[in-house]
Amino acid sequence: MKSSTVAYSLAAATLASAQRPSNTSICDYYTTALLKDNNAANQQTLLTLLVNTAVIGNYTQPNVGIAVPGILANGTGDFEG
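Criteria and cut-off values
Numbers given to residues run from 1 along each chain, matching the order in which its sequence is written. Local features are withheld for residues below a pLDDT of 70 in this predicted model, meaning they are given only at 70 or higher, and side-chain atom pairs are given and counted only at 80 or more; totals for whole chains, interfaces and linings count all residues. Think of the side-chain values as coming from all heavy atoms in the structure, minus any hydrogens and water. Counting from the N terminus, the helices are DSSP H or I runs at least four residues long and the strands are E runs at least two residues long. We call a residue buried when its accessible area falls under 20% of the maximum for its residue type, exposed when it is over 50%, and partly exposed in between, using a 1.4 Å probe and counting protein chains only. Any two residues whose heavy atoms approach within 4.5 Å are treated as being in contact. Nitrogen and oxygen atoms within 3.5 Å of one another constitute a polar contact, given that in protein one can donate a hydrogen and the other can accept it, and given that sequence-neighbouring residues count only through two side-chain atoms. Every axis corresponds to a line fitted to the C-alpha atoms, with the helix fit spanning only the stretch in contact, and the corresponding angles, defined between N-to-C directions, vary from 0 to 180 degrees. To sort the angles, those under 35 degrees are grouped as roughly parallel, those over 145 as roughly antiparallel, those from 65 to 115 as roughly perpendicular, and the leftovers as oblique. When residues are sorted by character, Ala, Val, Leu, Ile, Met, Phe, Trp, Tyr, Cys and Pro go into the nonpolar class, Asp, Glu, Lys and Arg into the charged class, and all the rest, Gly among them, into the polar class. Aromatic rings from Phe, Tyr and Trp, taking only the six-membered ring of Trp, are treated as a pair when their centres fall within 6.5 Å; an angle between ring planes under 30 degrees marks them as stacked, one over 60 as edge-to-face, and anything in between as tilted. Residues form patches when they are more than 30% accessible in relative terms and have no salt bridge. Like charges link within 9 Å. Nonpolar side chains (Val, Leu, Ile, Met, Phe, Trp, Tyr) link within 5 Å. In short, Shrake-Rupley with a 1.4 Å probe defines the accessible areas, and a residue's cover is counted only from the protein chains shown. What counts as a salt bridge is simple: a side-chain nitrogen of Lys or Arg found within 4 Å of a carboxyl oxygen of Asp or Glu.

J.: What am I meant to see in the overall build of the protein here?
T.: Helix and strand counts for the protein stand at three helices and zero strands. Each helix (α) and strand (β) of the protein, taken in turn from the N terminus, gives the series α-α-α. When each of the 81 residues of the protein is scored for burial, the buried share is 7%. Across the protein, the fraction of contacts at a sequence separation of at least 24, relative to all contacts at a separation of at least 6, is 0%.

Next comes the structure, spelled out in structure tokens:
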């Protein structure tokens, strides 16, 4: 694993924990922030949205203007697979 990936992950975790109260889980915090009601169905929806975005990238319109290519997107280098 690249050291830049580890550093980015640590920075993201620190940022996520800085935004939410220490007695609230990440799942509870973002479920309430994004889907308003914190319940089991909305937590499952949140995880589905997160996984889909990581795998296939931005798939909803409009998005916030930040391209998330996802791991299934075509590569940008001169590599052959």
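After that view, the rundown keeps rolling.
J.: Sorry, what's going on with the side chain of Thr-31 here?
T.: Looking at the secondary structure, you find Thr-31 in helix H2 (residues 26-35). Reaching out from Thr-31, the side chain makes a polar contact with the backbone oxygen of Cys-27 at a distance of 2.7 Å. Those residues in contact with Thr-31 that sit more than four places away from it in its chain are Lys-36, Asp-37, Asn-38, Asn-39, Asn-42, Gln-43 and Leu-46.

J.: I tried to follow the packing of H2 against helix H3 (residues 40-56) on my own but got confused; where do I start?
T.: Packed helix pairs are specified by the crossing angle of their axes together with the interaxial distance, meaning the distance between the axes. Taken N-terminus to C-terminus, the directions of H2 and H3 make an angle of 90 degrees; their axes are 9 Å apart at the nearest point. Relative to H3, the element H2 lies roughly perpendicular. Between H2 and H3, the contacting residues are Cys-27, Asp-28, Tyr-30, Thr-31, Leu-34 and Leu-35 on the first element and Asn-42, Gln-43, Thr-45 and Leu-46 on the second. Its residues assigned to classes, the contact of H2 with H3 comprises five nonpolar, four polar and one charged.

J.: Looking at this model, I keep getting lost on the packing of aromatic side chains. Mind explaining?
T.: The description of an aromatic ring pair uses the distance of the two centres, along with the angle that the planes make with each other. Per the counting criterion, the structure on display carries one aromatic pair. Aromatic pair Tyr-29 and Tyr-30: ring centres 4.9 Å apart, planes at 90 degrees, arrangement edge-to-face. A residue is classified by how much of its surface remains accessible, and Tyr-30, at 24% relative accessible area, is partly exposed.

J.: What is the right way to look at unusual backbone geometry in this model?
T.: Trans peptide bonds make up most of the peptide bonds, and negative phi angles are found at most residues other than glycine. Look at Lys-36: it is not a glycine, yet its phi comes out positive at around 70 degrees. On the secondary structure map, Lys-36 appears in the loop between H2 and H3.

J.: Would you take a moment to explain the side chain of Asn-42 for this structure?
T.: Mapped onto the elements, Asn-42 comes out in helix H3. Looking at Asn-42, its side chain comes within polar contact range of the main-chain oxygen of Asp-37, at 2.6 Å. Excluding anything up to four places from it in sequence, Asn-42 contacts Thr-31, Leu-35 and Asp-37.

J.: Could you clarify how one ought to interpret a nonpolar patch on the surface in this entry?
T.: Together, Leu-49, Ile-56, Tyr-59, Ile-71 and Leu-72 make up a nonpolar patch on the protein surface, roughly 510 Å² of accessible area in all. Note that Tyr-59 resides in the segment after H3. In this structure Tyr-59 comes out as partly exposed when scored by relative accessible area, which is 35%.

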